[in-house]
Amino acid sequence: MVRYVIERVFAALVTIWITTIAVTLLIHAVPGDPVRIMYAKFQSTPEQIEAVRTALGLDQPIWIQYGLYMGRLFEGDLGRSIVGNQPVLDILLTRFPPTLLLATTSLAIAVVIGLSLGFLAAYKRGTIIDVGAMIIAILGVSMPHFWLGLLLLFFFALQLGWLPVAGSDWKSLILPALTLGLANAAVLARLTRSAMIDIFDQDFVRTARAKGLPKTIVLYRHALRAGLVPIVSMMGLQFAYMMGGAIVVENVFAWNGVGRLAIEAVFARDYPLIQGFILFFATVVVLVSLIIDLLYAALDPRIRYS
Amino acid sequence: MSARRTSDFVLSVENLSVSFGRGASRNRAVQNLSYELEAGETLAIVGESGSGKSMSSLALLGLLPPGVATVETGQARFDGRDLLAMPEAEITALRGDRITMIFQEPMTSLNPVLTIGRQLTEGLIVHKGMSMREAEARSIEMIDRVRIPNPASRLRQYPHELSGGMRQRIMIAMAMASDPAVLIADEPTTALDVTVQAQILDLMRDLKREFGTSIILITHDMGVVAEMADRVVVMHRGRKVEEGTVGAVFETPRENYTKALLAAVPKLGSFATTAEPPVVVNQPKTPARETTLVSARNLTKRFKSGGWLSRDEGVLAMDDVGFDLAPGETLAIVGESGSGKSTTGRAVLRLIEVDKGEIQVDGQDMRALGQTSLRGARRTMQMIFQDPFASLNPRMSAGRLVMEPMAIHGVASGSELSDRCAELFRRVGLEANHMRRYPHEFSGGQRQRICIARALGPGPKLIVADEPTSALDVSVQAQVLDLMLELQQSLGLAYLFISHDMAVVEQMSHRVAVMHKGRIVEMGPRQTVLNDPRHAYTKTLLAAVPVPDPTRKRGILPTLDVDAMPTGPLTEVAADHWVAA
Amino acid sequence: MATTVEAIASPRSTGFLRSLLKSPTGVIGLIIVLILILAAALAPWIAPYDPLRMGAGPRFQPPSLAHWFGTDDFGRDVFSRIVYGARLTLQIGVIAVGISLTSGLLLGLVAGYAGAWAERILMRLVDVLFSFTEIVIALACLAILGIGLTNAMIAIGIASIPFYARVTHSIVLVEKGKPYFEAGIAAGAGHIRMIFLHLLPNVIPTLIVVGTLGISTAVLAAAGLSFLGLGAQPPQPEWGFMLSSSRDLISRAPWMMIFPGMAIAITVLGFNLLGDGIREILDPRQVTR
């Protein structure tokens, strides 16, 4: 177990480290002069451009740039945004909590609906319930998030007027969370169904039935507990999808999170902000995956006692 | 046969039919099966794969895979009631209490995320209404009775912490804890090594006597039948072909199928009086045995597991292994799972790289060969695998599969290639027009014939055969073994024959090497080693083999102290008879 | 994209279409995909109006006989725009999946076949990229390349490479572990023969399934980027972009939102069903052994 934890933590650190290299290289992959591209919208003299170049350290050799970047990173300095000239870290710290709130609420919705639907379908395999659940699921998987969002917006906010079109209070959270949650519930339902069907076909479930245990015990103690292991292992990825999906959904509902920020940054070619965003986003995803990996290990005695 | 009275029957099955699938693709797995089980008897239901033997028993307990197989007709009277007509709640109450079951795969039959204690106690709590404390006490008692040391501490362990044999003991403890009237054992020892099998069979017999349980033993192994059963039901393609006491079925089988089945079973000791395998061709080609084809010395291989953080030493799969093989000779490497016998076969072909040692094949130093010359050298040495289906690329036709090695080694090309391929097909007992078919269109035995034809193509001198018949039914096994003998004698092939089956080894080999935990513990001429084993492990291995003859009961298994066993270097105790000191 | 992918081992290419036609999933998927291809190929004959012509009718016309799906804020015919949009959608699917499938296949194959340090380094890198999530990689690519539909296709293609590399790698590992692979080596086969005759034919069927399902993911992703304004630019008749321009006009002209969304959903559904249908046929559990 200790070895497993150390390996996971190490792998997470390596990922974050490689991310820092990737974001440093990002600005160099830009065809042409990144500084000119960034400042294309502003009236700036060649002297000003050169000043920015020096300020960003872009006139230095690349390894020195990386060293400078890492040095500042350890001091919590992610640079300043081009638009608005604010510290990138401050911007991210104010815009990240709404996204995290949206993603976790959606994940909760997706888990509750997706797991029950998938479990039910697997248990009733081959029946009309299974077919029905899977038709709903594949429709859900095929539906673009933003369209589902617009439809919900149209009916619940505009036609019925039950919920606000946009805002930042809990009422405004409902529609975006529902959009993201429902869309991912469909994905989870399909995954859960196939994981549970695998479990139901296992020899030990047959053993449990052969022992004459009541159906509920076979189902919950034997099948579901064993099934949770593969299902929990998928959650890290699910969270990542949720964060990715949030970027789009935020733009539908004008939810003021990091997703909208990212789009604005790409439009404005605000490279320091883009770099900060990628690093921050990847770190959050990696850390959450790490936590889920450890949780998964705790669930599976084969890892727990190794 | 003495008169059988209905009142003695614990269970009587009548006209049971089970079918697979639905609608047009429906298939009868079991047809009109009837039998009776007497109190305290062991009834063996024996048959080859696809005979319906497992299905018939799963059907009794309502355990058929849902949506896949269904009971069509039949009655099964137990305790005055019909098991097949019972409502779900009633059969659930009987199952695991009055009638219990153990399965083939001990590795997967226990729930990996629940403790042994949980899995042992839950049935007792549900069926007997015991408290947790009572159930735990009973479980500890049962673990003790299946002869697992430290029973109390086992309750908190998880299945992965126990070996396969221990898990099967736990399964037996679970099945016997409720003192059932009937125990259904579905191939209970098939997945186990022969020495473990012997212990489990002994255990089942003892427990049956103590508890007075009736056993339905489902098996394909005639040795197990002879050893365990009072009466036998022989099944073939879903039907009962013969039934009788074990003595009658073995001594005077009435049906042709039973006769053929019994004739196909290799019996250890049948060749005790001959030094060589049976000659099956008129003019055997016997190359000079004085020369050496394969010479292996000091082979050592350690498999490391885990990442760079791992302090794991790994497994020593081969430890100072050495042997010689003459042209036209068969050296059998026998051992149980994990003994390193397959590793040794692969090392000779350099399919795995050894850590240390020398291998010479046909005068070439195998370890010194570069990639290209190694590929060329493979022309003289080919391999046959355990699972013929998996060892054939599913996307290539049988013809292309057989032609491939010939094409690689430039043996032939164009129409000559396909002519030779057709000839090989006929040579191994297939038809030339089978060449266009794909592996999934053949039976198990035919697939192994394809594998043999493929190996023969480039004209090898050595064939490494890794358990070539252990995935096959016994009647098919006999045919494939005959084919291999015939090919050896007419072509002068040398076999490195890797097997766990002592009876097959006796039939096939000139010399035998016994492996245990990566080391050869005994090696010598087959007759000497099997008739006069010197090493404790060889003796145990031979004593554990079930004899397919109910009149010759297997002796008591000598207790083997693995740690006290000599594993030193081989010393010559008699002419060419080497034993670990 | 988040479908569990199992390695598929199976024979019979003959009768493939026949088996596909037996699966209801496959048939519906095939029909939808064929309709999409027809719409794209015959757009000029199907579409009643020029998709770019403003004032083809009055602005904000609700669906009518003259304008089946209504008109938009510039008086363009929404139906015609959707028909022409099929061309862009197909292009997106083929280009994006083409990029990711070929690169991913190559990466996964090399890593899986070579093993040892090459495998460790390559797959470690792929894992890192994978944890960035596809949308972030796509955003990074767009930040580098600049916005636009072509760049969006490339960005989506690049973003999915880690996924395809992982899938290929895992199939290669499964196939490498099967005895037929060892049998090939034991027969004396060289690298070229092992890769092209043994490995690839067993890897490709699963990748066809993954690629078909991947087209739906790519279409979704491209529509998403266009919706955000990073992909298609005015006046391209791209479905995602049409949706984004409908956002502020939902109450006034809901048809501008409903029909393009439906077009995306049905297309994605079609490729999903087709992929599932092919998978059903190739599933090892359905192969009679």
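Residues numbered from 1 in each chain as written. Chains lettered and ligands numbered in written order. Predicted model: local features only at pLDDT ≥ 70, side-chain atom pairs only at ≥ 80, totals over all residues.

Peer 1: Which residues make up the overall build of chain A, and what values go with them?
Peer 2: Along chain A, the regular secondary structure elements total 14 helices and zero strands. Across chain A, helices and strands are ordered from the amino to the carboxyl terminus as α-α-α-α-α-α-α-α-α-α-α-α-α-α. Projected onto its principal axes, the C-alpha coordinates of chain A cover approximately 85 × 55 × 30 Å. Across the 306 residues of chain A, 43% fall into the buried class. Restricting the contact set of chain A to residue pairs at least 6 apart, pairs at least 24 apart contribute 74%. (Helix = DSSP H or I, 4+ residues; strand = E, 2+ residues; numbered from the N terminus. Buried ≥ 20, exposed ≤ 12 C-beta atoms within 10 Å, placed from the backbone. Contact = placed C-beta atoms within 7 Å.)

Peer 1: Please provide a residue-by-residue account of the overall build of chain B, values included.
Peer 2: The number of helices and strands found in chain B is 19 helices and 22 strands. A compact globule built from 581 residues should have a C-alpha radius of gyration of about 25 Å, and chain B, at 26 Å, falls within 12% of that. With the C-alpha coordinates of chain B rotated into their principal frame, the extents come out at 70 × 55 × 50 Å. Looking at chain B residue by residue over its 581 residues, the buried ones come to 49%. The contacts of chain B with a sequence gap of at least 6 include a subset with a gap of at least 24, amounting to 69%. (Rg over C-alpha atoms; globule rule 2.2 N^0.38 Å.)

Peer 1: Break down the sheet that holds strand 10 (residues 239-245) of chain B for me, with residues and values.
Peer 2: Residue and element names in this part refer to chain B. Strand order in the open sheet formed by six strands is 6-7-8-3-9-10, with mixed pairing between adjacent strands. Each of the sheet's edge strands pairs with one partner strand only, and the pair in question is strand 6 (99-102) and strand 10. Put simply, the sheet's adjacent strands are angled 15° from each other on average, direction ignored. As paired elements, strand 3 (residues 42-46) and strand 9 (residues 231-236) share four bridges and run parallel to each other. The residue of strand 9 that forms the bridge with Val46 is Val234. (Pairing = 2+ DSSP bridges. Axes fitted to C-alpha atoms, helices over the stretch in contact; angles between N-to-C directions.)

Peer 1: Account for the sheet that holds strand 17 (residues 462-466) of chain B, naming residues and giving values.
Peer 2: All names here are of chain B. Pairing in this open sheet of eight strands is mixed, and the strands run 16-17-18-13-19-20-22-21 from one edge to the other. Looking at which strands have only one partner, the edges of the open sheet turn out to be strand 16 (381-384) and strand 21 (570-574). Between one strand axis and the next, the sheet turns by 20° as a mean value, whatever way the strands run. In this structure, strand 20 (residues 519-525) lies alongside strand 22 (residues 577-580), joined through two bridges in antiparallel fashion.

Peer 1: Explain the interface of chain A and chain C to me, using residue names and the numbers behind them.
Peer 2: Every contact between the two is made by 40 residues of chain A and, on the other side, 35 residues of chain C. Sorting elements by how many residues they give to the side of chain A that touches chain C places helix 11 (residues 235-253) of chain A first, with eight residues. Looking at the side of chain A that touches chain C residue by residue, the classes come out as 32 nonpolar, six polar and two charged. (Nonpolar A, V, L, I, M, F, W, Y, C, P; charged D, E, K, R; others polar.)

Peer 1: Before we move on, could you go through the packing of helix 5 (residues 88-123) of chain A against helix 6 (residues 128-142) of chain A and cite the residues and values that matter?
Peer 2: All names here are of chain A. Across the interface, helix 5 lies against helix 6 with an axial gap of 8 Å and an inter-helix angle of 145°. Taken as a pair, helix 5 and helix 6 cross one another with a handedness that is left-handed. Of helix 6, the residues touching helix 5 (which contributes Leu117, Leu120 and Ala121) are Ile129, Asp130, Ala133, Met134 and Ala137. Here the residues of the contact of helix 5 with helix 6 are counted per class, giving seven nonpolar, no polar and one charged. (Left-handed = near helix turned anticlockwise from the far one by under 90°.)

Peer 1: Describe the pairing of strand 10 of chain B, listing the residues and the values that go with them.
Peer 2: On a regular strand, each side chain points to the face opposite its neighbour's, so the side chains alternate between the two faces of the sheet. Residues and elements named next belong to chain B. Sheet topology places strand 9 next to strand 10; six bridges connect them, and they run antiparallel. Bridging from a neighbouring strand, Val233 pairs with Glu243 of strand 10. Linking two consecutive strands that pair antiparallel, namely strand 9 and strand 10, is a turn of two residues; a positive phi of about 50° is found at Arg237 within it.

Peer 1: Residue-level account of the interface of chain B and chain C, with values.
Peer 2: In this assembly, 22 residues from chain B lie in contact with 20 residues from chain C. Grouping the amino acids of the side of chain B that touches chain C by side-chain chemistry returns 11 nonpolar, five polar and six charged.

Peer 1: Run through helix 1 (residues 53-60) of chain B, naming residues and quoting values.
Peer 2: One full turn of an α-helix is made of 3.6 residues, so residues set three or four places apart face in the same direction. All names here are of chain B. Burial within helix 1 is extensive, with eight of its eight residues counted as buried. For helix 1, every residue scored as buried is listed here: Lys53, Ser54, Met55, Ser56, Ser57, Leu58, Ala59 and Leu60. In the segment just after helix 1, Gly62 is the residue with positive phi, at about 65°.

Peer 1: Please provide a residue-by-residue account of the pairing of strand 20 of chain B, values included.
Peer 2: All names here are of chain B. Along strand 20, six of the seven residues are buried, which leaves the element largely enclosed by surrounding structure. Direction of pairing for strand 19 (residues 511-516) relative to strand 20: antiparallel, over a ladder of six bridges. The partner of Met515 across the bridge, within strand 20, is Ile520. Count of turn residues in the strand 19/strand 20 antiparallel hairpin: two residues, of which Lys517 carries a positive phi of about 45°.

Peer 1: Let's hear about the nonpolar core: which residues, and what values?
Peer 2: Side chains of nonpolar character tend, in soluble globular proteins, to be buried together. Residues Phe277(A), Leu496(B), Ala138(C) and Ala222(C) are the most contacted members of the largest nonpolar core, which totals 347 residues. Top contributing element to this core by residue count: helix 8 (residues 170-200) of chain A, with 16 residues. Discounting residues that sit within four places of it in the chain, Ala138(C) has contacts with Ala155(C), Ile156(C), Ala159(C), Ala221(C) and Leu225(C). (Core = buried A, V, L, I, M, F, W, Y, C linked by C-beta atoms within 7 Å.)

Peer 1: I'd like to hear about the packing of helix 3 (residues 116-128) of chain B against helix 6 (residues 164-176) of chain B, residue by residue, with values.
Peer 2: Between two packed helices, both the angle of their axes relative to each other and the distance between the axes serve to describe the pair. Residue and element names in this part refer to chain B. One way to put it is that helix 3 packs onto helix 6 with a least axis distance of 9 Å and a crossing angle of 20°. One element, helix 3, and the other, helix 6, form an angle in the roughly parallel class. The handedness of the crossing between helix 3 and helix 6 comes out as right-handed. For the pair helix 3 and helix 6, contact is made by Ile116, Gln119, Leu120 and Gly123 and by Ile170, Ala173 and Met174, respectively. Split into classes, the residues belonging to the contact of helix 3 with helix 6 amount to five nonpolar, two polar and no charged. (Parallel < 35°, antiparallel > 145°, perpendicular 65-115°, else oblique.)

Peer 1: Quick rundown of the confidence of the model for chain B? Include the residues and the values.
Peer 2: In the predicted model, chain B carries a mean pLDDT of 90, and 97% of its residues have values of at least 70. Both confidence scores are given for the complex: pTM 0.87, ipTM 0.87. (pLDDT = per-residue confidence, 0-100.)

Peer 1: Which residues make up the environment of Val246(B), and what are the values?
Peer 2: Residues and elements named next belong to chain B. The residue Val246 is located in helix 9 (residues 246-251) in this model. Considering only alpha carbons, one finds Val246 and Ala44, 202 residues apart in sequence, at a separation of 8.7 Å. Among all residues touching Val246, those that are not within four sequence positions of it are Val225, Ala226, Ala229, Asp230, Arg231, Val232 and Pro550.

Peer 1: Go over the environment of Arg225(A) with me, naming the residues and quoting the values.
Peer 2: Residues and elements named next belong to chain A. Looking at where Arg225 falls in the secondary structure, it is placed in helix 10 (residues 215-233). Exposure remark for Arg225: the 16 C-beta atoms within 10 Å place this residue in the partly exposed category. For the pair Arg225 and Leu299, spaced 74 residues apart in sequence, the C-alpha separation works out to 8.7 Å.

Peer 1: If you had to explain unusual backbone geometry to someone new, which residues and values would you point to?
Peer 2: All names here are of chain C. With an omega dihedral of 5°, the bond running from Pro234 to Pro235 counts as a cis peptide bond. Turning to its location among the elements, Pro235 is positioned in the loop between helix 10 (191-227) and helix 11 (239-246). Positive phi, close to 50°, is recorded for Ala116, a residue that is not glycine. With respect to the secondary-structure elements, Ala116 resides in helix 5 (residues 116-131).

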